[in-house]
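Topology and contacts: notes
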There are 2 protein chains.
Amino acid sequence: MRATVMFGAGDVRVERVPDARLMEPTDALVTITRASICGSDLWPYKDMAQTQTGRRMGHEAIGVVESVGSEVRTVRVGDFVIMPFAFSDGTCVFCHEGLNTSCVHGGFFGTESVPGAQAEAVRVPQADGTLYVLPGRTDEALMASLLTLSDVMGTGHHAAITARVRRGGTAAVIGDGAVGLCGVIAARRLGAERIILLGRHPDRIALAEQFGATDVVSERGAEAIARVRELTGGFGVHSVLECVGAGDAMLTAVNIARAGGAVGRVGVPHYAATPGSEPAFYGNIGINGGPAPARAYIEELLPEVLEGRIEPGRVFDRLVDLDGAPDGYRAMNEREAIKVMVKP
Amino acid sequence: MRATVMFGAGDVRVERVPDARLMEPTDALVTITRASICGSDLWPYKDMAQTQTGRRMGHEAIGVVESVGSEVRTVRVGDFVIMPFAFSDGTCVFCHEGLNTSCVHGGFFGTESVPGAQAEAVRVPQADGTLYVLPGRTDEALMASLLTLSDVMGTGHHAAITARVRRGGTAAVIGDGAVGLCGVIAARRLGAERIILLGRHPDRIALAEQFGATDVVSERGAEAIARVRELTGGFGVHSVLECVGAGDAMLTAVNIARAGGAVGRVGVPHYAATPGSEPAFYGNIGINGGPAPARAYIEELLPEVLEGRIEPGRVFDRLVDLDGAPDGYRAMNEREAIKVMVKP
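Reading the values: rules and limits
Residues numbered from 1 in each chain as written. Chains lettered and ligands numbered in written order. Predicted model: local features only at pLDDT ≥ 70, side-chain atom pairs only at ≥ 80, totals over all residues. Helix = DSSP H or I, 4+ residues; strand = E, 2+ residues; numbered from the N terminus. Rg over C-alpha atoms; globule rule 2.2 N^0.38 Å. Buried ≥ 20, exposed ≤ 12 C-beta atoms within 10 Å, placed from the backbone. Contact = placed C-beta atoms within 7 Å. Axes fitted to C-alpha atoms, helices over the stretch in contact; angles between N-to-C directions. Parallel < 35°, antiparallel > 145°, perpendicular 65-115°, else oblique. Left-handed = near helix turned anticlockwise from the far one by under 90°. Nonpolar A, V, L, I, M, F, W, Y, C, P; charged D, E, K, R; others polar. Least-squares fit on C-alpha atoms with pLDDT ≥ 70 in both. Pairing = 2+ DSSP bridges. Domains from an automatic or database assignment. Arc of directions from axis to C-beta.

1. Here's the deal with the overall build of chain A
For chain A, the count of helices and strands is 11 helices and 18 strands. Taking 20 Å as the expected radius of gyration for a compact globule of 344 residues, we find that chain A reaches 26 Å, considerably beyond that expectation. C-alpha extents for chain A along the principal axes are approximately 85 × 45 × 45 Å. Residues classed as buried in chain A amount to 57% of the 344 residues present. A fraction of 63% describes how many contacts in chain A between residues 6 or more apart in sequence connect residues 24 or more apart.

Next comes the structure, spelled out in structure tokens:
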């Protein structure tokens with residue numbers, strides 16, 4: 001069969017390759033009806049080292065099931081299916097929590113062991129968990145939108161969900177690529193009242209506005225930050241959908257978020273490893289917190305203190321008068337005391 | 001009056017200073033009953049540059065209201081109060097959201113403009129919003145616990161809340177200082193079934209166990225990560241309470257979090273500025289997201305596609321056959337196409 005193979009940066013070829021075939025009893029073989037090129041495919045297109053064997057590209061597809069392995073139970077030959085970019089068994093603890101990308105038997109298409117879907121056919125591991133069977137006949141006009149459910153629309157939705165877009169809130173979408181544009185759709189669906197697109201391409205901006213973007217910021221860096229703050233009374237937005245994955249986009253993201261807000265990052269991180277990148281990104285691990293609104297918490301905690309149900313005061317293991325304060329610092333610094341109380 | 005002044009690293013003195021007094025009509029003057037030294041006071045104690053004027057330390061206190069400004073409405077002379085580490089007006093949009101630390105008229109004690117509370121008395125700005133008036137008589141035995149509500153207990157609670165501690169979940173607390181110990185109390189209160197303390201000091205570990213820690217990991221770095229994973233079936237914990245603020249603690253935090261979990265960071269960041277540090281920390285801005293569980297989202301999004309309520313397929317602006325795939329990469333890379341669909 002024929003398949004798309006990337007041999008290095010800028011070097012994509014369509015090659016004859018061995019036919020895709022069932023390898024595990026849980027596999028399905030899917031004939032590709034439509035596949036697509038993802039923004040994340042452009043990263044290796046920019047910087048992949050030249051190889052002899054190449055990488056079989058493509059992780060977004062819809063198609064028809066050609067054959068199934070002996071242990072496949074729900075997916076049937078002839079089914080019209082969406083193939084999400086990650087395969088997953090659908091039964092593990094993470095799949096049950098809706099986090100299929102962390103499936104203990106899962107993985108991604110377009111890698112060494114699982115060739116991609118920009119091809120005539122693809123082997124789909126964990127077919128029952130991975131493939132989504134579409135109901136009945138399918139209108140040709142819907143093909144494109146159905147295809148986006150394999151990645152970009154789901155990814156834009158994930159950006160909106162993890163950025164905690166809420167009804168009546170404000171949102172900013174960084175990036176006017178396909179994911180960013182789907183992020184606009186998602187933010188609107190979830191009820192954001194104001195949706196600021198950070199992008200520079202007139203055609204994409206026009207589409208974003210049709211999708212629901214209310215404002216456009218085409219500046220970058222410090223100017224973009226200033227402009228978003230200006231549009232939001234100085235505060236920034238409740239939700240930032242980071243749909244790029246570059247370091248400067250992440251810095252813009254945290255600088256245009258309103259205090260107490262959230263960034264939903266779905267751009268695959270292409271910046272130096274920081275606590276915000278790997279493995280936090282791949283594990284969908286949230287990094288939250290900051291200075292505690294201690295005043296707000298007193299209401300909840302005080303009754304438990306007054307009733308003796310919690311005894312946080314036990315962290316104090318030294319009492320000094322004001323003159324003892326300097327030695328209190330020393331004692332805490334030298335780990336001699338956990339915490340010092342000062343009675344002036 | 002007398003007050004604690006830090007002049008540089010390791011140089012803390014108790015000095016005679018001008019009496020604290022009302023300056024704004026919204027101020028209260030509070031006589032300090034108890035103050036305390038905070039773990040965060042140790043950062044300048046370690047690295048503050050020597051100064052002539054010094055810094056008036058202290059942001060955790062309880063005390064009695066001595067006098068109030070003309071615009072103070074609810075706080076009265078004689079009230080016994082908790083002074084949280086940040087002052088806040090109690091009326092702005094952030095205060096209404098319970099995020100007093102981002103109050104538009106707020107700030108912190110122990111700075112240039114608002115001297116600290118490790119002193120005989122302190123001026124409290126925005127008294128009505130800042131001070132929490134305690135009910136009636138107060139048992140001497142409760143003083144210590146009440147004092148913790150000004151900071152460390154609220155901060156441990158915030159770590160637990162932002163790490164999304166849930167009933168029956170697993171939690172890890174990084175740091176066995178006062179905040180970490182209060183984090184153990186908080187995690188237990190919120191129903192964590194398993195609470196792993198990462199700490200090394202026997203006396204603190206003993207207290208943590210009394211507070212509810214079920215496991216202790218005294219290793220550091222890669223060994224600590226391996227040990228926590230070992231304790232949790234290889235997965236890591238749902239919630240990590242990062243109560244240190246050092247770069248290696250944050251790296252440990254994201255490496256012991258379970259996929260889909262959360263880190264609640266309350267340690268003031270003392271590591272290089274990254275998207276996870278400033279301004280995300282000071283603004284309590286969450287950084288969430290990762291690869292989208294696209295499979296899980298199809299259920300929700302498909303009906304809207306089928307009914308034509310959303311049209312994400314419009315992001316495709318080029319259709320190619322398989323042979324056209326290489327040029328499709330080029331076109332997307334050169335921003336000539338938003339997104340390319342491949343029909344094999």
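2. Describing the packing of helix H6 (residues 178-189) of chain A against helix H7 (residues 202-211) of chain A
Two packed helices can be described by the angle between their axes and the distance between those axes. Residues and elements named next belong to chain A. In contact at an axis separation of 9 Å, H6 and H7 are set at 15 degrees when each is read in the N-to-C sense. Relative to H7, the element H6 is oriented roughly parallel. Seen from above, H6 lies across H7 with right-handed handedness. Residue-level contacts link Leu181, Val184, Ile185 and Arg188 of H6 to Arg204, Leu207, Ala208 and Phe211 of H7. A class-by-class count of the residues in the contact of H6 with H7 yields 6 nonpolar, no polar and 2 charged.

3. Overview of the relation of the copies chain B and chain A
Mapping chain B onto chain A is achieved by rotating through 180 degrees and translating by 0.0 Å along the same axis, at an RMSD of 0.0 Å. Interpreted geometrically, this transformation is the action of a two-fold axis. When the interface residues of chain B are mapped onto chain A, 100% of them again lie at the interface, so the same face is used by both copies.

4. Points about the environment of Ala35 of chain B
Inspection of the secondary structure puts Ala35 of chain B in strand S3 (residues 28-36). Here the alpha-carbon distance between Ala35 of chain B and His59 of chain B, two residues 24 residues apart in the chain, equals 7.8 Å. When residues no more than four places from it in sequence are discounted, the contact partners of Ala35 of chain B are Val342 and Pro344 of chain A together with Gly58, Glu60, Ala61, Ala117 and Gln118 of chain B.

5. Quick notes on the interface of chain B and chain A
The interface of chain B with chain A comprises 119 residues on the first partner and 119 residues on the second. Ranked by the residues each element gives to the side of chain B that touches chain A, the list is headed by helix H10 (residues 294-306) of chain B, at 9 residues. In the side of chain B that touches chain A, the residues fall into 68 nonpolar, 34 polar and 17 charged.

6. Some words on unusual backbone geometry
Residues and elements named next belong to chain B. Unusually for a residue other than glycine, Gln126 sits at a positive phi of about 50 degrees. Structurally, Gln126 can be placed in the loop between strand S9 (121-124) and helix H3 (127-130). Gln126 gets classed as buried once you count the C-beta atoms within 10 Å, which come to 25. One non-glycine residue, Arg164, lies in positive phi territory at about 55 degrees. Its place among the elements puts Arg164 in the loop between helix H5 (152-162) and strand S11 (170-174).

7. Notes on the sheet that holds strand S2 (residues 11-16) of chain A
Either a parallel or an antiparallel arrangement is found when strands of a sheet pair, and the pairing is made through backbone hydrogen bonds. Here we have 3 strands laid out as an open sheet, ordered S2-S1-S4 (chain A), and antiparallel in their pairing. At either end of the open sheet lies a strand with only one pairing partner, and these are S2 and strand S4 (55-56) of chain A. Sheet analysis places strand S1 (residues 2-8) of chain A next to S2 of chain A, joined by 6 bridges and oriented antiparallel. Of the residues in S2 of chain A, the one forming a bridge with Arg2 of chain A is Arg16 of chain A. Across the sheet, helix H11 (residues 325-333) of chain B touches S1 and S2 of chain A, and the angle it forms with S2 of chain A is around 160 degrees.

8. Focus: the domain arrangement of chain A
Taken domain by domain, chain A comprises domain 1 (2-148), domain 2 (152-265) and domain 3 (294-343). Here the C-alpha centre of domain 3 of chain A lies 43 Å away from the C-alpha centre of domain 2 of chain A.

9. As for helix H7 (residues 202-211) of chain B
All names here are of chain B. Every buried residue belonging to H7 is among Arg204, Leu207, Ala208 and Phe211, and all of these are buried. Looking straight down H7, one finds its buried side chains confined to an arc of 105 degrees; they lie on one side. In this structure, H7 carries Pro202 and Ala206 as exposed residues pointing more than 90 degrees from its buried face. In this structure, the buried residues of H7 make contact with helix H6 (178-189) and strand S12 (194-198).

10. As for the packing of helix H5 (residues 152-162) of chain A against H6 of chain A
Residues and elements named next belong to chain A. One way to put it is that H5 packs onto H6 with a least axis distance of 7 Å and a crossing angle of 55 degrees. Relative to H6, H5 is oriented oblique. H6 is crossed by H5, and the crossing has right-handed handedness. Where H5 approaches H6, its residues Val152, Met153, Thr155, Gly156, His157, Ala159 and Ala160 are matched on the opposing element by Ala178, Val179, Cys182, Gly183, Ile185, Ala186 and Ala187. A class-by-class count of the residues in the contact of H5 with H6 yields 10 nonpolar, 4 polar and no charged.

11. Some details on helix H8 (residues 221-231) of chain A
Residue and element names in this part refer to chain A. Three or more residues of H8 are buried, namely Ala224, Ile225 and Val228. Seen along its axis, H8 keeps its buried residues to an arc of 100 degrees; they face one direction. In H8, the exposed positions that point more than 90 degrees away from the buried face belong to Ala222, Glu223 and Glu230. The first or second residue beyond H8 is Gly233, which carries a positive phi of 60 degrees.

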